[in-house]
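Next come the chains, spelled out residue by residue.
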Amino acid sequence: MSLAAPAVSVIMPVFNRADVVGRAMASVLGQSFADFELIIVDDGSSDGTAAVVESIADPRIRFLRQARNAGGNAARNRGIDEARAPLLTFLDSDDYYLPDKLAAVVAAFGECPGLDLLIDSYVKTYERPARRGDVECRNPRLETNADVLEALFTRKIWKATPGISVRREAALRAGKFAEDLKRRQDFDFILRVAAVGSCATSDEILWVKTYSTATISADPSNFAAAMLDFYRRHPEYYDHPAYRPGFAHDLGRHFVRLLRKRRLALVARDARLCVGTLGAGRFFGLLTHGMWRFRQRRKALRAPKA
């Protein structure tokens, strides 16, 4: 590997993903922009992940191994610490980049020296067999922290960790990823970078997110606890009037989905959790409004296009 620092470091945590990690790696190695390093952090895999990674010979790959399984955020933080480039971007091992991802990211930061974090756009695809087609998750172009934060809290933009690119110095000032946060680590990280730097969004579709029922986000059993943990860290989620509808929507969506699946024991447990943190009046007010918003949004999405 050249002694010169690359322009961008791609950080990819991996845990027992021997079946898909090769595709993710190939999407990085095939980029139209070649001045990068790919840091793969194995978070204690017990399958053939290491063998797949080590079978691909490219001097831009750096393969690191965690001493024990510590979670994706810890693996990302190890990558941030080890990165040699001033610019960082992320990739999950079951997702993949489109060919011009890195070229677009490097160009965006080059054109805006004051930019610290960029959220780009992507396509969501579903594992086959699936009843849903691909979804284009294209963000509006926002250039101020105020606009980005309002859009984040009220669900007007798509955000996911592989859509985040950040200056390494800003990531360090923000404290990197919260290793004790089980969900919404991307949301939390963006908010903390926004507190120390400048954020923007892009409407360029640069990568593909693969949705699987095996992902953490597909499991409703830990959603309420994680959402309340996020709320305790960021009370403006409720306290700020402009952000509160997003909180209501999240609650409403969660409970509507549980009721449709007849997960009544989980409904009761999560309601008790929410009442214990929010209070009964606040919780039921948010829930009623959120369920109405969720249903209205679904109706709008299903309405015939003019």
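All values derive from a computational prediction rather than experimental measurement.

Within the protein chain, the secondary structure is distributed over 12 helices and 9 strands. Taken over C-alpha atoms, the radius of gyration comes to 20 Å for the protein chain, in line with the 19 Å a tight globule of 306 residues would show. Counting only residues that meet the buried cut, the protein chain has 50% of its 306 residues in that class. For the protein chain, the exposed surface amounts to about 14,300 Å²; the carbon and sulfur share of it is 54%. Taking the average place of the 47 positive charges on the side chains of the protein chain and the average place of its 36 negative ones, the gap between the two points comes to 9 Å.

As a further point, take the layout of surface pockets. Approximately 320 Å³ is the volume found for the second largest pocket. Residue lining of the second largest pocket: 15 residues in total, with Ala108, Glu111, Leu115, Leu118 and Arg141 positioned closest to the centre. Residue contributions to the lining of the second largest pocket peak at 5 residues, all from strand E9 (residues 199-211).

Membership of the largest hydrophobic core comes to 55 residues, with the highest contact counts inside it found for Leu117, Val166, Phe247, Leu251 and Leu278. Excluding residues that lie within four positions of it along the chain, Leu117 makes contacts with Phe109, Ile164, Ser165, Val166, Phe189, Ile190, Val193, Ser198, Cys199 and Ala200. Residues Leu87, Tyr97, Val105 and Cys137 belong to the second largest nonpolar core, which totals 28 residues.

This paragraph deals with the environment of Ala171. As for its position among the elements, Ala171 is in helix H6 (residues 168-174). Each C-alpha atom of the pair Ala171 and Ile80 lies 8.0 Å from the other, and the pair is 91 residues apart in sequence. What Ala171 contacts, discounting residues up to four positions off in sequence, is Leu88, Val166, Lys176 and Phe189.

Moving on to the packing of aromatic side chains. Here the distance between the centres and the angle between the planes together describe a pair of aromatic rings. Scanning the entire structure with this criterion turns up 15 aromatic pairs. Between Tyr126 and Tyr211 the ring centres are 5.5 Å apart and the planes differ by 55°, which places this aromatic pair in the tilted class. Pair noted here: Tyr126 is in strand E6 (residues 117-126) and Tyr211 is in strand E9, with a separation of 85 residues, a long-range link. Classification of Tyr211 by relative accessible area gives partly exposed; the value is 26%. Pairing Phe177 with Phe189 gives two aromatic rings, centres 4.2 Å apart and planes at 15°, and the pair type is stacked. Here Phe177, found in the loop between H6 and helix H7 (185-194), pairs with Phe189, found in helix H7; they are 12 residues apart in sequence, far enough to count as distant. There is no split in this pair, since Phe177 and Phe189 are both buried. Linked through ring pairs, Phe153, Phe187, Phe230, Tyr231, Tyr237, Tyr243 and Phe247 together constitute an aromatic cluster. The ring of Phe230 is capped by Arg184, whose NZ or CZ atom sits 5.7 Å from the centre of that ring. Stacked on the ring of Tyr238, the Lys or Arg Arg282 has its end atom at 4.0 Å from the ring centre.

Next up on the list: the packing of helix H5 (residues 145-153) against H7. Orientation of H5 relative to H7, taken along the N-to-C sense of each, is 160°, at an axis distance of 11 Å. When the axes of H5 and H7 are compared, the pair comes out roughly antiparallel. In terms of crossing hand, the pair formed by H5 and H7 is left-handed. Contacts between H5 and H7 involve Asn145, Leu149, Leu152 and Phe153 from the former and Phe187, Ile190, Leu191 and Ala194 from the latter. For the contact of H5 with H7, a count of residues per class yields 7 nonpolar, 1 polar and no charged.

Moving on: the packing of helix H8 (residues 223-233) against helix H11 (residues 264-278). Two quantities define a packed helix pair, namely the angle between the helix axes and the distance between the axes. Across the interface, H8 lies against H11 with an axial gap of 10 Å and an inter-helix angle of 15°. Considered as vectors, H8 and H11 are oriented roughly parallel to each other. Relative to H11, the crossing made by H8 is right-handed. Contact with H8, carried on its side by Ala224, Ala225, Leu228, Tyr231 and Arg232, involves Asp270, Leu273, Cys274, Thr277 and Leu278 of H11 and no other residues of that element. Within the contact of H8 with H11, the residues separate by chemical class into 7 nonpolar, 1 polar and 2 charged.

Moving on: the side chain of Lys101. Note that Lys101 resides in helix H4 (residues 101-111). Separated by 2.6 Å, the side chains of Lys101 and Asp120 make a polar contact. If near-sequence neighbours (up to four positions away) are discounted, Lys101 is found in contact with Gln31, Thr89, Asp120, Pro162, Gly163, Ser165, Leu206 and Trp207.

This brings us to the pairing of strand E3 (residues 61-65). Pairing of strand E2 (residues 36-42) with E3, which is carried by 5 bridges, proceeds in the parallel orientation. Paired with Ile40 across the two strands is Phe63, which belongs to E3. Regarding the hand of the β-α-β motif, the stretch spanning E2, helix H2 (residues 49-54) and E3 is right-handed.

Time to look at the state of the cysteines. Considering all chains together, one arrives at 0 disulfides under this definition. For Cys137, which is in no disulfide, the shortest distance to another cysteine sulfur is to Cys199 and amounts to 20 Å.

Parameters at a glance
- Residues numbered from 1 in each chain as written.
- Predicted model: local features only at pLDDT ≥ 70, side-chain atom pairs only at ≥ 80, totals over all residues.
- Heavy atoms only, no water.
- Helix = DSSP H or I, 4+ residues; strand = E, 2+ residues; numbered from the N terminus.
- Rg over C-alpha atoms; globule rule 2.2 N^0.38 Å.
- Buried < 20%, exposed > 50% of the residue type's maximum accessible area, 1.4 Å probe, protein only.
- Areas by Shrake-Rupley, 256 points an atom, 1.4 Å probe, with all protein chains shown as cover.
- Lys, Arg positive; Asp, Glu negative; His and termini not counted.
- Charge placed at Lys NZ, Arg CZ, Asp CG, Glu CD.
- 1 Å grid on protein atoms, 1.4 Å probe; cavity = no way out; pocket = protein on both sides within 12 Å on 5 of 7 lines; lining within 4 Å.
- Points joined across faces, edges and corners; volume = space filled by probe spheres on them.
- Core = buried A, V, L, I, M, F, W, Y, C linked by side-chain atoms within 4.5 Å.
- Contact = heavy atoms within 4.5 Å.
- Phe/Tyr/Trp six-rings, centres within 6.5 Å; stacked < 30°, edge-to-face > 60°.
- Lys NZ or Arg CZ within 6 Å of the ring centre and 35° of its normal.
- Axes fitted to C-alpha atoms, helices over the stretch in contact; angles between N-to-C directions.
- Parallel < 35°, antiparallel > 145°, perpendicular 65-115°, else oblique.
- Left-handed = near helix turned anticlockwise from the far one by under 90°.
- Nonpolar A, V, L, I, M, F, W, Y, C, P; charged D, E, K, R; others polar.
- Polar contact = N/O pair within 3.5 Å; in protein donor to acceptor, adjacent residues only side chain to side chain.
- Pairing = 2+ DSSP bridges.
- Right-handed = clockwise from strand over helix to strand, strands pointing away.
- Disulfide = S-S within 2.5 Å.

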